[in-house]
Amino acid sequence: MISLSAPILGDEEKQALCEVIDSGWLTMGDRVEAFEKAFAAIHGVADAVAVNSCTAALHLSLKALGIGPGDEVLVPSLTFVATVNAVLYVGASPVFVDIEAIDIPHISIDDAKSKMTSKTKAVIVMHYGGYLVDLKAWRAFTDVSGILLLEDAAHAPAVGSVGRMSDAASFSFFSNKNMSTAEGGMVLATDKSVLESTRRLRAHGMSTDTLTRHRGHAYSYDVTLLGYNYRMDELRAAMGLVQLPRLHTWNNKRIELSNFYRHLLSLHTPEVIVPFNEKHQTAAHLLPILLPAGKNRLKIIDYLRKEGIQSSIHYPPIHHFSFFKEKYPCIILQKTEVFCQRELTLPLHPSMTESDVNRIVLTLNNSFHYKS
Ligand SMILES: *Cc1c(COP(=O)(O)O)cnc(C)c1O
């Protein structure tokens, strides 16, 4: 079976985890700090805040930036549900924005412009599949409009200027992402005070953390705001410290495999559209394709599975989920609907080989001609 994604784990991770257990210090210690510093450094920024998921990162960055009830936040519908849930957690209202085009499935600036109101306070862009949105254009747009720019960078760690141009960026270390700590997340922000607020919100709103108190720098603490427990633990940070130095190599392998996919797909299944192109800056998190209009996607998924190939859909649009449909009826995003009807995600991870890609493309082609 060729799986859709697979974390790369081995002896180094095991050893790192054993060292934490032997140390007797399980959470919010030196390793969390070291992981934050290393993650910041690989993105060319000074500091970062580690949390226990990207969902927590999104929630806290919205909170730290002062987004709340009465505010509107522009969001894509083509994303994982957590992007939009985070907006609801802070009591703000998501406003769904269409994609640019079916071969550029990024949140559209033009559609965002048309959905601005006096209540619009922020936009969350999502680097779909690892392909970076045009951060320069988004920064220019948000600066002119006086709104905040947030990145859901769950698909795009350590690529281009991710995390450097926005007001806050959220990353994920869930097990199917480009690097993993099983569960985990990180916040990057250009403004120090945003990171400070995020740090405080992460740990119950307390004014000092356990490590500082343990080191004897503080004897008590105050609670200055309504905080949460979104801490990362030392076991996860230890895994992150082992995974992070390999991230660039893994991302590059993903890009190479994606380019090989593009080449073979254009040869064998020219009727398939592969969004973006080889030159687009990417962490190559996913290999999304658009099936020809009218093809039966579920039958193709089934055929691939019987041939030992896992595939998936990224994503069912959020405004189609019953919870959101009930809250926000009558939303129509024409390009998003078409994209989401035809999208199929093929396996992509660094332990795959070119011969795996070859087998997948040939099997996909067979599935198109298979009559059951
Ligand atoms: C995975 C993912 C998330 C959520 O990440 P968690 O770490 O599981 O909370 C958010 N947004 C996108 C786009 C994702 O792919």
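Summarised in this report is the structure supplied together with it. Quick caveat: nothing in here was measured; it's all calculated off a predicted structure.

**Brief notes about the overall build of the protein**
Stage number 1. Tallying secondary structure elements over the protein gives 14 helices and 11 strands in all.
Stage number 2. Computed over its C-alpha atoms, the radius of gyration of the protein comes to 21 Å, within 12% of the 21 Å expected for a compact globule of 372 residues.
Stage number 3. Across its three principal directions, the C-alpha atoms of the protein cover 70 × 55 × 35 Å.
Stage number 4. In the protein, of all internal contacts separated by at least 6 residues, the share reaching a separation of at least 24 is 72%.
Stage number 5. Taking the 36 positively charged and 38 negatively charged side chains of the protein as two groups, their mean positions are separated by 4 Å.

**Structural notes on the site of the ligand**
Stage number 1. Neighbouring residues of the ligand: 16 residues in total, closest Thr55, Asp152, His155, Ser172 and Lys177.
Stage number 2. In this structure, Tyr315 approaches the ligand through a side-chain N or O atom, which is 3.3 Å from an oxygen atom.
Stage number 3. In the complex, 93% of the free accessible area of the ligand, which totals 380 Å², lies under the protein chains.
Stage number 4. For the shell around the ligand, the secondary structure elements donating two or more residues are helix H3 (54-64) and helix H4 (81-89).

**A closer look at the sheet that holds strand E2 (residues 72-76)**
Stage number 1. If you trace the 7 strands from one edge of the open sheet to the other, you get E1-E9-E8-E7-E6-E2-E3, paired in mixed fashion. Two strands lie at the open edges of the sheet, namely strand E1 (49-51) and strand E3 (93-97), each paired on one side alone. Averaged over all adjacent pairs, the angle separating strand axes in this sheet is 25°, with direction ignored.
Stage number 2. For strand E7 (residues 148-152) and strand E8 (residues 168-172), the ladder comprises 3 bridges, and the chain directions are parallel. Bridging across to E8, Leu150 finds its partner in Ala168.
Stage number 3. Contacting E1, strand E6 (120-126), E7, E8 and strand E9 (185-188), H3 runs over the sheet at an angle of about 165° to E8.
Stage number 4. Across the sheet, helix H6 (residues 135-145) lies against E6 and E7, angled at about 150° from E7, the strand it touches most.

**What to know about the packing of H3 against helix H7 (residues 192-202)**
Stage number 1. At a minimum axis separation of 9 Å, H3 and H7 run at an interaxial angle of 125°. Here H3 is positioned oblique relative to H7, judged by the angle of their axes. H3 and H7 meet at a crossing whose hand is right-handed. For the pair H3 and H7, the contacting residues are Leu60, Lys63 and Ala64 in the first and Val194, Ser197, Thr198, Leu201 and Arg202 in the second.

Reading guide: rules and limits
Residues numbered from 1 in each chain as written. Predicted model: local features only at pLDDT ≥ 70, side-chain atom pairs only at ≥ 80, totals over all residues. Heavy atoms only, no water. Helix = DSSP H or I, 4+ residues; strand = E, 2+ residues; numbered from the N terminus. Rg over C-alpha atoms; globule rule 2.2 N^0.38 Å. Contact = heavy atoms within 4.5 Å. Lys, Arg positive; Asp, Glu negative; His and termini not counted. Charge placed at Lys NZ, Arg CZ, Asp CG, Glu CD. Near = heavy atom within 4 Å. Polar contact = N/O pair within 3.5 Å; in protein donor to acceptor, adjacent residues only side chain to side chain. Areas by Shrake-Rupley, 256 points an atom, 1.4 Å probe, with all protein chains shown as cover. Pairing = 2+ DSSP bridges. Axes fitted to C-alpha atoms, helices over the stretch in contact; angles between N-to-C directions. Parallel < 35°, antiparallel > 145°, perpendicular 65-115°, else oblique. Left-handed = near helix turned anticlockwise from the far one by under 90°.

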